[in-house]
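Chain by chain, the residues run as shown.
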Amino acid sequence: MTERFTPDEKRLKSVEENYKRILERVGECAVKSGRSENDVRLMCVTKTVEPVYINRAIELGADLIGENRVQEYLGKRDELNLDSVERHLIGHLQTNKVRQIVGEVDMIESVSSLKLAKEISKVSLSKDIVSNCLVEVNIGKEQSKSGVFAEELEEFLYEISELGGIKIKGLMTIPPICESQTEARRYFAAMQGYFIDIRDKKIDNVDMEILSMGMSADFEAAISEGSNIVRVGSAIFGERKYF
């Protein structure tokens, strides 16, 4: 018999307080950047978080969650109250996992290669659906991270735009670890520049609607430079626990 999971009431209370505080900060940052408080969406990143704590955030109004791993999301999906929740895959996606996730989430935020885009296209067409995706940009040119280099982005988008079954809705990035918000802002400002430049080119099948950047440590800097989705996990749910 599987041991029944007992939620930590103190952690449930902490999730509630954290979510409300972060949501307020996101709204305040949006207004400071000249937008409405509703113009920036808060994504609750649920990597390693048990369903009971995710559901508490959903009860409080969270309507966007992001999971890093295909198997983890599929494993706990049935325990989540997802009726009014948008679901994004935000972690690195291997081509051999594409068939498992296409059609199971509302957006794939981590399209990092033409090979992956072609596989998403193929699987989506076989399922007679269109997969909304973001292109992941490796803004710091880090060898340890996946993503398209900025100077290759335009050509990459033109190639993807010819694929069926896939719709590009914007860009996503994770900048290098920075020692200050000022340093982080330089990367985010560069991303906003690429985002606006691509949007102005009006590439067929490419809609620059979403600029997904900023996490627990730097989301305020990201919002100040144009992000409209911030991905916050540990600042809401606490430090991750790896099992």
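Quick caveat: nothing in here was measured; it's all calculated off a predicted structure. Numbering of residues begins from 1 in every chain and follows the order in which that chain's sequence is written. Per-residue local features are limited, in this predicted model, to residues with pLDDT of at least 70; the limit for side-chain atom pairs, both in listing and counting, is 80 or more; totals at the level of whole chains, interfaces and linings are taken over all residues. Working from all heavy atoms in the structure, the side-chain values ignore hydrogens and water.

A. Region of the structure containing the overall build of the protein chain. Numbering goes from the N terminus for both helices and strands, where a helix is a DSSP run of H or I of at least four residues and a strand is a run of E of at least two. Counting its secondary structure elements, the protein chain contains nine helices and eight strands. Taking 2.2 N^0.38 as the reference for a compact globule, 243 residues should give roughly 18 Å; the C-alpha atoms of the protein chain span a radius of gyration of 18 Å, in line with that estimate. The classification of residues rests on relative accessible area computed with a 1.4 Å probe and restricted to protein chains. Under 20% of the type maximum is buried, over 50% is exposed, and intermediate values are partly exposed. Burial statistics for the protein chain: of 243 residues in total, 49% are counted as buried. The contact criterion used is simple: two residues touch if any of their non-hydrogen atoms lie within 4.5 Å. Across the protein chain, the fraction of contacts at a sequence separation of at least 24, relative to all contacts at a separation of at least 6, is 62%. The Shrake-Rupley method, run with a 1.4 Å probe, gives the accessible areas here. Residue values count only the displayed protein chains as cover. Of the accessible surface of the protein chain, which amounts to about 12300 Å², a share of 45% is contributed by carbon and sulfur atoms. As used throughout, the charge tally considers Lys and Arg to be positive and Asp and Glu to be negative, leaving His and the chain termini uncounted. Just so you know, the charge point we use is NZ for Lys, CZ for Arg, CG for Asp and CD for Glu. Here the protein chain contributes 34 positive and 42 negative side-chain charges, whose respective centroids are spaced 2 Å apart. To get the radius of gyration, use the C-alpha atoms; to get the globule rule, take the number of residues to the power 0.38 and multiply by 2.2 Å.

B. Structural context of empty space enclosed by the protein. Only protein atoms enter the calculation, which uses a 1 Å grid: trapped sets of points that fit a 1.4 Å probe without letting it out are cavities, open sets showing protein on both sides within 12 Å along at least five of seven lines are pockets, and any residue with an atom within 4 Å of a point is a lining residue. Grid points are joined across faces, edges and corners, and a volume is the space filled by probe spheres set on the points. Per the stated rule, a full pass over the model turns up one cavity of 30 Å³ or more. Of the pockets and cavities examined, the largest cavity occupies roughly 50 Å³. Classification convention: Asp, Glu, Lys, Arg as charged; Ala, Val, Leu, Ile, Met, Phe, Trp, Tyr, Cys, Pro as nonpolar; all other residues, Gly among them, as polar. A class-by-class count of the residues in the lining of the largest cavity yields three nonpolar, four polar and five charged.

C. View of the pairing of strand β5 (residues 131-137). Within β5, six of the seven residues are buried, leaving the element largely enclosed by the surrounding structure. Bridging between strand β4 (residues 107-111) and β5 involves two bridges; their strand directions are parallel. Bridging from a neighbouring strand, Ile108 pairs with Cys133 of β5. Summarising the sheet, β5 and strand β6 (residues 166-173) pair through seven bridges and their orientation is parallel. Across the sheet, residue Glu136 finds its bridge partner in β6, namely Met172. At least two bridges found by DSSP between two strands are what make those strands a pair.

D. Examining the packing of helix α1 (residues 9-32) against helix α2 (residues 51-59) more closely. Packing of α1 against α2 brings their axes to within 9 Å, and their N-to-C directions diverge by 40°. Relative to α2, the crossing made by α1 is right-handed. Between α1, through Arg11, Leu12, Val15, Glu16 and Tyr19, and α2, the contact on the second element is made entirely by Val52, Tyr53, Arg56 and Ala57. Residue composition of the contact of α1 with α2, by class: six nonpolar, no polar and three charged. Under this scheme, a helix contributes an axis fitted over its contacting stretch, all axes are lines through C-alpha atoms, and angles between N-to-C directions fall in the 0 to 180 degree range. Note: crossing handedness is left-handed where the near helix turns anticlockwise from the far helix by less than a right angle, and right-handed where it turns clockwise.

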